[in-house]
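# Inside the fold
Each chain is listed here by its residues.
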Amino acid sequence: MVSERAAKTGFDWDDISGVMDKTMEEWKEFSAEVNDLQDAAGGEKAAMEFGDVLFTMVNVARFARIHPETALTLSIQKFEKRFNYMEKKAVEAGRDIDSLTFKEMHHFWDEAKERLG
């Protein structure tokens, strides 16, 4: 990974709090670009800033000794379980999930979080 190579040269943060601060800075820059989206060029700027957010988050993971791809996979699996639960509850209620109100969806989502973790 390029950030590991850079870290070996000493071009790195002193600790995880520094890289977390940088992540927040990058998030603010990304948010500003998203708020200013007007055209395709603005979309490219937002995409670059989003890339910066992801890159700094990977560095947070490196400091925390978390494999980012594994963490993302686990998160996706958790989301899928919860969403499948919502779909099941909708069917049990005789409904399609897309016919549920936002409030109903969140009720089932919260229930899934409580029951499935």
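Use the structure listed above.
A short tour of the structure in this document, coming up. Everything numeric in this text was worked out from a predicted model, so none of it was measured. (Residues numbered from 1 in each chain as written. Predicted model: local features only at pLDDT ≥ 70, side-chain atom pairs only at ≥ 80, totals over all residues. Heavy atoms only, no water.)

All right, on to unusual backbone geometry then. Notably, Arg65 is not glycine yet its phi reads approximately 60°, a positive angle. Mapped onto the elements of the fold, Arg65 is located in the loop between helix 3 (40-64) and helix 4 (68-92). (Helix = DSSP H or I, 4+ residues; strand = E, 2+ residues; numbered from the N terminus.)

What follows is about the pattern of salt bridges. When charged atoms on two side chains of opposite charge get close, those side chains can pair. For the structure on display, the rule yields 7 salt bridges. Note that Lys89 and Glu92 form a salt bridge whose closest N and O atoms lie 3.3 Å from each other. Of this pair, Lys89 and Glu92 are both found in helix 4, 3 residues apart, which corresponds to roughly one turn of the helix. You can call Glu92 exposed: its relative accessible area is 52%. Residue Glu111 pairs with Lys89 through a salt bridge whose shortest N-O separation is 3.6 Å. Remark: Lys89 occurs in helix 4 and Glu111 occurs in helix 5 (residues 102-116); sequence separation between them is 22 residues. Take Lys89: its relative accessible area is 19%, and that puts it in the buried class. Several salt bridges share partner residues, and in doing so they unite Lys88, Lys89, Glu92 and Glu111 into one network. (Salt bridge = Lys/Arg side-chain N within 4 Å of Asp/Glu carboxyl O. Buried < 20%, exposed > 50% of the residue type's maximum accessible area, 1.4 Å probe, protein only.)

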